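As a plain string of letters, each chain reads:
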Amino acid sequence: MTGFMKGAMILTIAGLLVKVIGAISKVIVARILGGEGVGLYQMAYSLYQLIISIGAAGLPVAISIMVARKVGQGDMRGARNIFKVALITMGIIGSLLSLTFYGSIPYIIEAGVITDSRAEGALVAVAPAIVIVSILACFRGYFQGFQNMLPTGISQVCEQLARVIVMVGAAMYFLPQGIELASSRAALSSSIGVTLGLLVLLYYYKRKTQPIMRSAPLESPKAIIKELILLAFPVAIANIMIPLIGAIDLWLVPQQLMLTGYGKEEATTAFGYLTGMATSLISLPVIVTMSLATSLVPAISRLDLQADLEEIHHRMETALRMTNLVTIPAFVGLCVLATPISMMMFNTPHAGGAIAVLSASIWLLGLQQITTGALQGLGRTALPMWTLLLGAAVKVLLNLYLTPLWGIEGAAWATNVDFGLAAFVNVYVLYRIAKFHVAFTEVGKILFSSLAMGGGTAMVYNFMSTMLSNTIAVVISILVGIIFYVVALSLTKTITLQELVVLGKKTMKKGRSS
C-alpha cells in the first residue's frame, strides 16, 4: 500500500470516528440543553468556525506542500525552518485574532450579528481556541508534508472526544444554575478539545527523529511567509465557499419557494429537508474522498518537484479509482432507497425527493475534492478556488430558475450542477497542465456495477418491506446490495477477488509494521 493510500485510510477512520462521536454528542446535548441552550451554543460555535475557516483553513495544505518539497529534496533542515517560521507567524496572528475577537464581543452583540445577548458567555469561552487552532494547523500541515497522517488522525479523534466529554459534562453540571451558564460552560469544550489535539501533536513532534540529510541555504522568513500566503489564501477562500453557499441558500431558497405559493412554514420545512436531512447524508461517504485528497496533496507535491509525471498520473488514477469505487455506488444506493432511508433516519418520507436528487452530489463532490487535491499538490491552489466560485455563481442563477419550477428538488439540482461544474473544470485543467486522462472505460464499468446493485437493492427492499419493518428492510437491502456490487465488479473485471485479497494482506502488513 502506497504512503498516500495508507494516510488516506488513517484519515478516513479518524473522520468516521469524529462524525460518529459528534452525532452522538449532538443528541445527548440537545436532550440536556434543549433547543434554547443548543441555540445559544451554536451562535458562538458557528461564528468561531467561520473565523478559523478564514484564518487557518488553508494552512495545513500550504505547509504540507512546502514541507513535502523540502523532504523530496532531502532538505530536512529546510522543512523544519518552514515549520518554525509558520508556527511563529501563526502564533502571533492567532493571538491577535483571539484578542480582537474577545474585544469585539460587545460590539458583535450590539450590531445584531448575534441576536441573543445571553450568548456572550459562550463567545468568550471560544475566543482562546482561535490561537490554539492556528498553531494546531501548523503542526498538522508539517506532519502531512512527511505523508504521516497518523498524528493528524489521532489528534482529531482526541480533540473530538475531549470536546464531547467537556460539553456533555458541563451542560449537565451547570444546567441547574441556568441555561445561559450551562451553554457558556459547554462552549469551553472547543478550547479544551483543540488544546488536547495540540498536546497530542506536540507528543508526536517530540518523538520524531529529524536527521539533517542535506545542508542547504535556508529561505528567509519573508520568502516563506510570502509563499505561505500565496498557497494558503486561495485554499482558505475555497474552504469557506461551501458554508457561504449554504448561507446563500438560507436566504434565497425559502424566498423562491414562497414566491411559488409555499407558506412560510412550508418553505422552512422544505428547506429543512434539503439542508438538514439530505445534506447530512451525503457528507458521510465523502469523508473517504476528503481523506484521499488530503493525503494526495503532499504526495503529488513531492513528485512534481521530481518531475515524475508517470508516477503523478499513477497516484491520480489510484485516488480517482478509489473515489469512483466508493462514491458512485453510494450515490446510486442512496438514490434508489431515498424515501425508505428518509423514513428510517428522519421519520418522514417527504425528504425522499431531495435526498434522491442530491445523492448525485456524493460522486460529484468526491470528484471535486480529489481533483482539488491534485491541483493543490501541483501548486495550483488558486484554480480550485476559481472553479468553486464559477460553480457557486451558476448555482445562484439555477436556484432562481429551478426552485420556482421544481421546488426543493430544483434547489438540489442546482447544488449538483455547482459541484459537477467545479469537478469537470478541474478535470479539464488537469488534462491541460498535467496531460492527465480519465479512464472512462473503468468509470463506465463501475457505473454499470452500481446500477446493477441499485436494481437488485430496490427489488430486495420491495420484497422485504412487505414482510418486515422499514428499518430492517433497508438494512437487509443495503447488505445484499453490497454483495451485488462486489459480484458485479468481479464480473466486469473492474476489480478482482485476488486484488481484494492482496490489498487486505498489504493493509494488515502495514498495520503490524506501524
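Residues numbered from 1 in each chain as written. Predicted model: local features only at pLDDT ≥ 70, side-chain atom pairs only at ≥ 80, totals over all residues. Heavy atoms only, no water.

Visitor: Tell me what's going on with the overall build of the protein, and back it up with residues and numbers.
Guide: Looking only at helices and strands, the protein features 19 helices and 0 strands. Scaling as 2.2 N^0.38, a compact globule of 514 residues should have a C-alpha radius of gyration of about 24 Å, and the protein matches this with 24 Å. The buried share of the protein, reckoned over its 514 residues, is 50%. Long-range pairs, those at least 24 residues apart, make up 83% of the contacts in the protein with a sequence separation of at least 6. Carbon and sulfur atoms form 69% of the exposed surface of the protein, whose accessible area is close to 23500 Å². Charge-centre separation for the protein: the mean point of 34 positive side chains lies 13 Å from the mean point of 21 negative side chains. (Helix = DSSP H or I, 4+ residues; strand = E, 2+ residues; numbered from the N terminus. Rg over C-alpha atoms; globule rule 2.2 N^0.38 Å. Buried < 20%, exposed > 50% of the residue type's maximum accessible area, 1.4 Å probe, protein only. Contact = heavy atoms within 4.5 Å. Areas by Shrake-Rupley, 256 points an atom, 1.4 Å probe, with all protein chains shown as cover. Lys, Arg positive; Asp, Glu negative; His and termini not counted. Charge placed at Lys NZ, Arg CZ, Asp CG, Glu CD.)

Visitor: Hey, could you go over helix α7 (residues 221–239) for me, with residue numbers and the actual values?
Guide: Its 19 residues give α7 an end-to-end C-alpha distance of 26 Å, which sits within 8% of 27 Å, the value for a rise of 1.5 Å per residue. The largest bend in α7 is about 30 degrees, located at Ala232, with the proline Pro234 one to four residues further on. Where α7 is concerned, the buried positions are Ile224, Leu228, Leu231, Ala232, Pro234, Val235, Ala236 and Ala238. (Expected span 1.5 Å × (residues − 1). Bend = angle between axes of the 7 residues up to and from the residue.)

Visitor: Just give me the short version of the side chain of Ser64, but keep the residues and values in it.
Guide: Among the structural elements, Ser64 can be located in helix α2 (residues 59–72). At a separation of 2.8 Å, a polar atom in the side chain of Ser64 contacts the main-chain carbonyl oxygen of Val61. (Polar contact = N/O pair within 3.5 Å; in protein donor to acceptor, adjacent residues only side chain to side chain.)

Visitor: Mind laying out helix α12 (residues 338–346), listing which residues take part and the relevant values?
Guide: By the burial criterion, the buried members of α12 are Ala338, Pro340, Ile341 and Ser342. A positive backbone phi angle near 60 degrees is found at Asn347, which sits one or two residues after α12.

Visitor: I'd like to hear about the confidence of the model for the protein, residue by residue, with values.
Guide: Close inspection of predicted coordinates is inappropriate for parts of the model with low pLDDT. Across the protein, the average pLDDT comes to 84, with 92% of residues at or above 70. Mean pLDDT across the elements of the protein bottoms out in helix α19 (residues 497–513) (50) and peaks in helix α17 (residues 440–464) (93). Per-residue pLDDT stays below 50 along residues 506–514; that stretch engages in 6 contacts with residues further than four places along the chain or on separate chains. (pLDDT = per-residue confidence, 0-100.)

Visitor: Which residues make up the pattern of salt bridges, and what values do they have?
Guide: If you walk through the whole model with that rule in mind, you get 5 salt bridges. Between Glu159 and Arg140 there is a salt bridge, and its shortest N-O distance comes to 3.0 Å. Placement of the pair is Glu159 in helix α5 (residues 150–174) and Arg140 in helix α4 (residues 120–145), with a sequence separation of 19 residues. Of the residues examined, Glu159 reaches a relative accessible area of 19% and is grouped as buried. (Salt bridge = Lys/Arg side-chain N within 4 Å of Asp/Glu carboxyl O.)

Visitor: Got a sec to walk through unusual backbone geometry? Specific residues and values, please.
Guide: Unlike most non-glycine residues, Gln147 shows phi in positive territory, near 60 degrees. By secondary structure assignment, the location of Gln147 is in the loop between α4 and α5. Given a relative accessible area of 18%, Gln147 falls into the buried group. With a phi close to 60 degrees, Asn347 is a non-glycine residue in the positive phi region. Mapping Asn347 onto the fold places it in the loop between α12 and α13 (352–358).

Visitor: Mind laying out empty space enclosed by the protein, listing which residues take part and the relevant values?
Guide: In total, this model carries 1 cavity of 30 Å³ or more according to the counting rule given. Here the largest cavity is characterised by a volume of approximately 40 Å³. Considering the residues around the largest cavity, the lining is formed by Met316, Leu320, Ile370, Thr371, Ala374, Leu430 and Phe436. Of all the secondary-structure elements, those providing two or more residues to the lining of the largest cavity are α11 (309–336) and α14 (360–377). Broken down by element, the residue count for the lining of the largest cavity peaks at 3 residues, all from α14. Here the residues of the lining of the largest cavity sort into 6 nonpolar, 1 polar and no charged. (1 Å grid on protein atoms, 1.4 Å probe; cavity = no way out; pocket = protein on both sides within 12 Å on 5 of 7 lines; lining within 4 Å. Points joined across faces, edges and corners; volume = space filled by probe spheres on them. Nonpolar A, V, L, I, M, F, W, Y, C, P; charged D, E, K, R; others polar.)

Visitor: Give a detailed account of the packing of aromatic side chains, specifying residues and quantitative values.
Guide: What the rule picks out here adds up to 10 aromatic pairs. A ring pair is formed by Tyr142 and Phe143, whose centres lie 5.9 Å apart and whose planes are at 65 degrees; its orientation type is edge-to-face. There is no split in this pair, since Tyr142 and Phe143 are both buried. Measuring from ring centre to ring centre gives 5.0 Å for Tyr173 and Phe174, while their planes differ by 85 degrees; the resulting arrangement is edge-to-face. The exposure class assigned to Tyr173 is exposed, which follows from its relative accessible area of 59%. Pairwise contacts between aromatic rings join Phe83, Phe139, Tyr142, Phe143, Phe146 and Tyr205 into one cluster. Directly above the ring of Phe174 sits Arg185, whose terminal nitrogen or CZ lies 5.6 Å from the centroid. (Phe/Tyr/Trp six-rings, centres within 6.5 Å; stacked < 30°, edge-to-face > 60°. Lys NZ or Arg CZ within 6 Å of the ring centre and 35° of its normal.)

Visitor: So, the state of the cysteines: which residues are in play, and what are the values?
Guide: In the structure shown here, the tally under the stated rule is 0 disulfides. Cysteine Cys158 shares no disulfide, and the gap to the nearest cysteine sulfur, in Cys138, comes to 20 Å. (Disulfide = S-S within 2.5 Å.)

Visitor: Can you explain the nonpolar core? Please cite residues and give values.
Guide: Counting residues in hydrophobic clusters, the biggest one holds 72 residues, and the most contacted among them are Tyr48, Leu59, Val67, Phe101, Leu123 and Leu228. Of all elements in the fold, only α1 (3–56), α2, α3 (76–110), α4, α5, α6 (179–207) and α7 reach the threshold of two or more residues within this core. Counting residues per element, this core draws most heavily on α4, at 16 residues. With near-sequence residues (within four places) excluded, Phe101 lies in contact with Leu47, Ile51, Ile108, Leu123, Val126, Ala127 and Ile130. Ranked by size, the runner-up nonpolar core spans 32 residues in total, among them Ile370, Val427, Val429 and Val443. (Core = buried A, V, L, I, M, F, W, Y, C linked by side-chain atoms within 4.5 Å.)

Visitor: Talk me through the environment of Leu303; I want residue IDs and the actual numbers.
Guide: With respect to the helices, strands and loops of the structure, Leu303 is situated in helix α10 (residues 286–305). For Leu303, a relative accessible area of 8% translates into the label buried. Distance from Leu303 to Val396, taken between C-alpha atoms, is 38 Å for residues 93 residues apart in sequence.

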